[in-house]
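Observations on the three-dimensional arrangement
Here's the letter readout for the chains.
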Amino acid sequence: MPDTLNTYLGVAVLLFALGLLGVVVRRNTLVIFMCLELMLVAATLALVAFSRFNGTMDGNVFVFFILTVAAAEVAVGLAIIVALFRQRLTVRVDQLDSLKN
Amino acid sequence: MHHFLLTLFCVFTVGCAAGVVVCRNTVNAALCLLLSLVGVAALFLRLEAYLLAFLLLLVYAGAVVALFLFIIMLLDERGKQSSGPPRGLALGSRALAVLLVGAGVVSFAVKGRLAAPSAAAVPALGASLKLYAYELFTTYLLPVQLIGFLLLIAMLGVIALSRRPGAPHSGYGT
């Protein structure tokens, strides 16, 4: 593969698509959450690639903020999942259907 | 040699990301996520963003995946297989997801040829630590403060969420 912007963007697109696929297909909340992280990392990779090939710093600095927000998101999300597990004794989305019917 | 390494990193990253989606076992999925993040960090190194590659490994591989593994061990979901959703719903969601991925790949193949200069023609600004510090403490000073505040709020939120309902407010150490 040539070392061009398109290569990196292709990897980012594939990572994002795989993350989206996981969010749609999987039933375990933890795995869904991991796939969300994958989508965030894909966006990060696109930002760094654009920043590198445009010769600017803004994308690189934004990755800082994305990393911080992702860390906060993981902490709060996992706390919510643990609280959910305490209440309902499951983390599978097909069993968490109390709003149905 | 450089092209071979880039191809290796790309295939490794995407393959491990596919492992996250495919693996039945949650622990295996978490380890695939870890490997995929290592691949992304290698791509960051190829893009000469050395600090960001290090931070990605530190924050994601060091903290986030470890936290995921802790929670997986804590919840211990083994042996609780559900009956699964209705057959039509599962097939429909799979078909929709595959269509979405296909649309992304096709649009990238058709319209994805962005004209960019080669990497050698552009200075690698991300390689210098000084520029990060300069940007963070001048242009992006307010976002840095806000992010610090966000982390504080997240910490308080996690403490509030992890308290047992009905437990006394100062039940520690009594």
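Throughout what follows, the structure given in this document is the object of discussion. For every chain, the first residue of its written sequence is number 1, and the numbers climb from 1 along that sequence. The lettering of chains begins at A and the numbering of ligands begins at 1, in the order of writing. With pLDDT at 70 or above as the cut-off, local features in this predicted model cover only qualifying residues; side-chain atom pairs require 80 or more to be listed or tallied, and sums for whole chains, interfaces and linings still use all residues. Note that the side-chain values use all heavy atoms of the structure and ignore hydrogens as well as water.

**Some points on the interface of chain A and chain B**
Much of the literature gives interface size as the accessible area that the parts lose upon coming together. The condition that has to hold: Pairs of residues are marked as contacts when any of their non-hydrogen atoms sit within 4.5 Å. We define buried area as the total accessible area lost by two parts upon association, computed with a 1.4 Å probe and summed across both. We define a salt bridge as a contact between a side-chain nitrogen of Lys or Arg and a carboxyl oxygen of Asp or Glu at a distance within 4 Å. Polar contact is the term for a pair of N or O atoms within 3.5 Å; when the atoms are in protein, one must be able to donate a hydrogen and the other to accept it, and sequence-neighboring residues count only if both atoms are side-chain atoms. What counts as a helix is a DSSP run of H or I of at least four residues, what counts as a strand is a run of E of at least two, and both are numbered from the N terminus. Each residue is assigned to one class: nonpolar for Ala, Val, Leu, Ile, Met, Phe, Trp, Tyr, Cys and Pro, charged for Asp, Glu, Lys and Arg, and polar for all the others, Gly among them.
The interface is formed by 74 residues belonging to chain A together with 82 residues belonging to chain B. Of the roughly 6,900 Å² buried between chain A and chain B, counting both surfaces, carbon and sulfur atoms make up 77%. For the pair chain A and chain B, the interface holds 2 salt bridges. On the surface where chain A and chain B come into contact, there are 9 residue pairs in polar contact (both at pLDDT 80 or more). Breaking the side of chain A that touches chain B down by element, the ones donating at least two residues are α1 (5-25), α2 (29-54) and α3 (58-88) of chain A. The element contributing the most residues to the side of chain A that touches chain B is α3 of chain A, with 25 residues. Grouping the constituent residues of the side of chain A that touches chain B by class yields 51 nonpolar, 14 polar and 9 charged.

**Remarks on the nonpolar core**
Rules: We define the nonpolar core as a collection of buried residues of types Ala, Val, Leu, Ile, Met, Phe, Trp, Tyr and Cys that are connected through side-chain atoms lying within 4.5 Å of one another. Note on exposure labels: buried denotes an accessible area under 20% of the residue type's maximum, exposed denotes more than 50%, and partly exposed covers the range between, all computed with a 1.4 Å probe on protein chains only.
One finds Leu-30, Met-34 and Leu-78 of chain A together with Phe-44, Leu-52 and Tyr-60 of chain B to be the most contacted residues of the largest nonpolar core, which totals 70 residues. Listed by contribution, the elements that provide at least two residues to this core are α1, α2 and α3 of chain A together with α1 (2-22), α2 (26-46), α3 (50-75) and α5 (129-137) of chain B. Considering each element in turn, this core owes the most residues, 13 residues, to α2 of chain A. In this structure, Phe-44 of chain B is in contact with Thr-44, Leu-45 and Val-48 of chain A together with Ala-49, Leu-52, Ala-53 and Leu-56 of chain B, ignoring residues within four places of it in sequence.

**Focus: α2 of chain A**
All names here are of chain A. The following threshold applies: One fewer than the residue count of a helix, multiplied by 1.5 Å, yields its expected span.
The terminal C-alpha atoms of α2 lie 38 Å apart, and with 26 residues this matches the ideal 38 Å at 1.5 Å per residue to within 8%. The N-cap of α2, judged by a side-chain oxygen 3.0 Å from the amide nitrogen of Leu-30 a few residues on, is Asn-28. Looking one or two residues beyond α2, the residue adopting positive phi is Gly-55, at roughly 70°.

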